[in-house]
Amino acid sequence: METTSTLEKSLRFLALSLVVIFFMFPILWIFLMSFQTNETILQIPPSIVFTPTLSNYAALITGKLTTSAGTLDIAFMRNLGNSVFLSVTSVALSLVLGVPAAYAFARHKFRGSEDIAFTLLSFRFAPPLLVLLPLTQYFQWLGLSDTYFGLIWVYQLICLPLILWIVRGYFEDISADVEYAYRIAGHSWFATFRKIALPLAGPGIAAAGLLAFIFAWNNFVFALVLASADKQPVTVGALAFVTSSGIQYGQIAAAIVLSVTPTLALALYAQRYLVEGLSLGAVKG
């Protein structure tokens, strides 16, 4: 029995190791590519033995991309700053609007509440191309094209439904009796919401905010069509590495490493809230 148990553990460890290697190898390869020149990357057969260089990161930081056709000006760091600003502001606004709405949907059943909630969720399921043309016309009419405010507004289609439904499920998992007892003690509805409901729903709110941040950070279509180069995020700014002299694979790899680092660091920092929030709130039947 002990031999079988040891064999099972060894096979399980081997299987998990293969899965980790399978999924992590592309990330490792991109990381290695970020320290290579185009000539080294495109050589056949590829090799993991090379002379590392920081020229790709230097080109991103300085904004000067040297190619065979000459030196090009790129605005990657500005695009990276745009991504941080747009994602953080959009998620903050979605939390301000979505958390009270989620609490209302969880605690107060009114006529048409489910229809309204499902309609908001359908905005998240709809493909961006479905609403892109009318949004472009509305933005031009309202003067919101090529503005940060316009992008933050349209990012609510991504963040708000996600936060609303995840946090709503978490509020429904919290016993309403605790809030009723606090209200009986003479406290107002807002005090109950602020001092009882919000702290108990903290992991769910953190998980929803983190997921919304990731989806907002990865958005491409809205920013590509509704904003110019000086306001576009890093997902669109990466197109600058496709030049007339060819594709700059080393700079693309370095850009991927720099653009993934903020979301990865945030996910690692908040992974406890993410796991707890999704396991308790988001899977409510």
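This one's a predicted model, so the numbers in the text were calculated from it and none came from an experiment. (Residues numbered from 1 in each chain as written. Predicted model: local features only at pLDDT ≥ 70, side-chain atom pairs only at ≥ 80, totals over all residues. Heavy atoms only, no water.)

A.B. asks: Describe the UniProt feature "transmembrane region" (unreviewed entry) in the protein chain, with residues and values.
C.D. replies: Here the UniProt-annotated "transmembrane region" (unreviewed entry) positions come out as residues 12-32, 84-105, 117-136, 148-167, 204-229 and 249-270. With 100% helix and 0% strand, the stretch residues 12-32 has end C-alpha atoms that lie 29 Å from each other. For the annotated span residues 249-270, helix accounts for 95% and strand for 0% of the residues, and the straight-line distance between the end C-alpha atoms is 32 Å. (UniProt positions renumbered as here; feature names shortened; annotations may be inferred. Helix = DSSP H or I, 4+ residues; strand = E, 2+ residues; numbered from the N terminus.)

A.B. asks: Requested: an account of a nonpolar patch on the surface, with residues and values cited.
C.D. replies: A cluster of nonpolar side chains, namely Tyr 138, Trp 141, Leu 142, Phe 149 and Trp 153, defines an oily patch on the protein surface of about 680 Å² accessible area. Going through the elements one at a time, helix H6 (128-142) and helix H7 (148-154) are the ones with two or more residues in the nonpolar patch. It is H6 that provides the largest number of residues to the nonpolar patch, a total of three residues. Of note, Leu 142 is situated in helix H6. Overall, the relative accessible area of 45% leaves Leu 142 in the partly exposed class. (Patch = residues over 30% accessible without salt bridge, like charges linked within 9 Å, V, L, I, M, F, W, Y side chains within 5 Å. Areas by Shrake-Rupley, 256 points an atom, 1.4 Å probe, with all protein chains shown as cover. Salt bridge = Lys/Arg side-chain N within 4 Å of Asp/Glu carboxyl O. Buried < 20%, exposed > 50% of the residue type's maximum accessible area, 1.4 Å probe, protein only.)

A.B. asks: Talk me through the packing of helix H4 (residues 76-107) against helix H8 (residues 156-173); I want residue IDs and the actual numbers.
C.D. replies: Axes are the key here: two packed helices are described by the angle between their axes and the distance separating the axes. Relative to each other, H4 and H8 sit at 40 degrees, their axes nearing to 7 Å. When the axis of H4 is compared with that of H8, the two are oblique. In terms of crossing hand, the pair formed by H4 and H8 is right-handed. Here the residues of the contact of H4 with H8 sort into 16 nonpolar, four polar and three charged. (Axes fitted to C-alpha atoms, helices over the stretch in contact; angles between N-to-C directions. Parallel < 35°, antiparallel > 145°, perpendicular 65-115°, else oblique. Left-handed = near helix turned anticlockwise from the far one by under 90°. Nonpolar A, V, L, I, M, F, W, Y, C, P; charged D, E, K, R; others polar.)

A.B. asks: Which residues make up the side chain of Ser 94, and what values go with them?
C.D. replies: Structurally, Ser 94 is set in helix H4. Side chain to side chain, Ser 94 and Gln 156 meet in a polar contact 2.5 Å long. Among all residues touching Ser 94, those that are not within four sequence positions of it are Val 99, Gln 156, Cys 159, Leu 160 and Ile 163. (Polar contact = N/O pair within 3.5 Å; in protein donor to acceptor, adjacent residues only side chain to side chain. Contact = heavy atoms within 4.5 Å.)

A.B. asks: Can you explain unusual backbone geometry? Please cite residues and give values.
C.D. replies: With an omega of 0 degrees, the peptide bond between Ile 44 and Pro 45 qualifies as cis. Within the fold, Pro 45 resides in the loop between helix H2 (38-41) and helix H3 (55-62). Phi is positive for Asp 146, which is not a glycine, with a value near 60 degrees. With respect to the helices and strands, Asp 146 occurs in the loop between H6 and H7. Among the residues examined, Asp 146 registers a relative accessible area of 29% and is labelled partly exposed.

A.B. asks: Tell me about the packing of aromatic side chains, and name the residues and values.
C.D. replies: Within this structure, the stated rule accounts for twelve aromatic pairs. With a centroid separation of 5.2 Å and 80 degrees between ring planes, the pair formed by Tyr 103 and Phe 171 is classed as edge-to-face. Highlighted residues: Tyr 103 in helix H4 and Phe 171 in helix H8, separated in sequence by 68 residues. Residue class for Phe 171 comes out buried when judged on its relative accessible area of 0%. Through a chain of ring-to-ring contacts, the aromatic side chains of Phe 31, Phe 35 and Tyr 57 assemble into a single cluster. (Phe/Tyr/Trp six-rings, centres within 6.5 Å; stacked < 30°, edge-to-face > 60°.)

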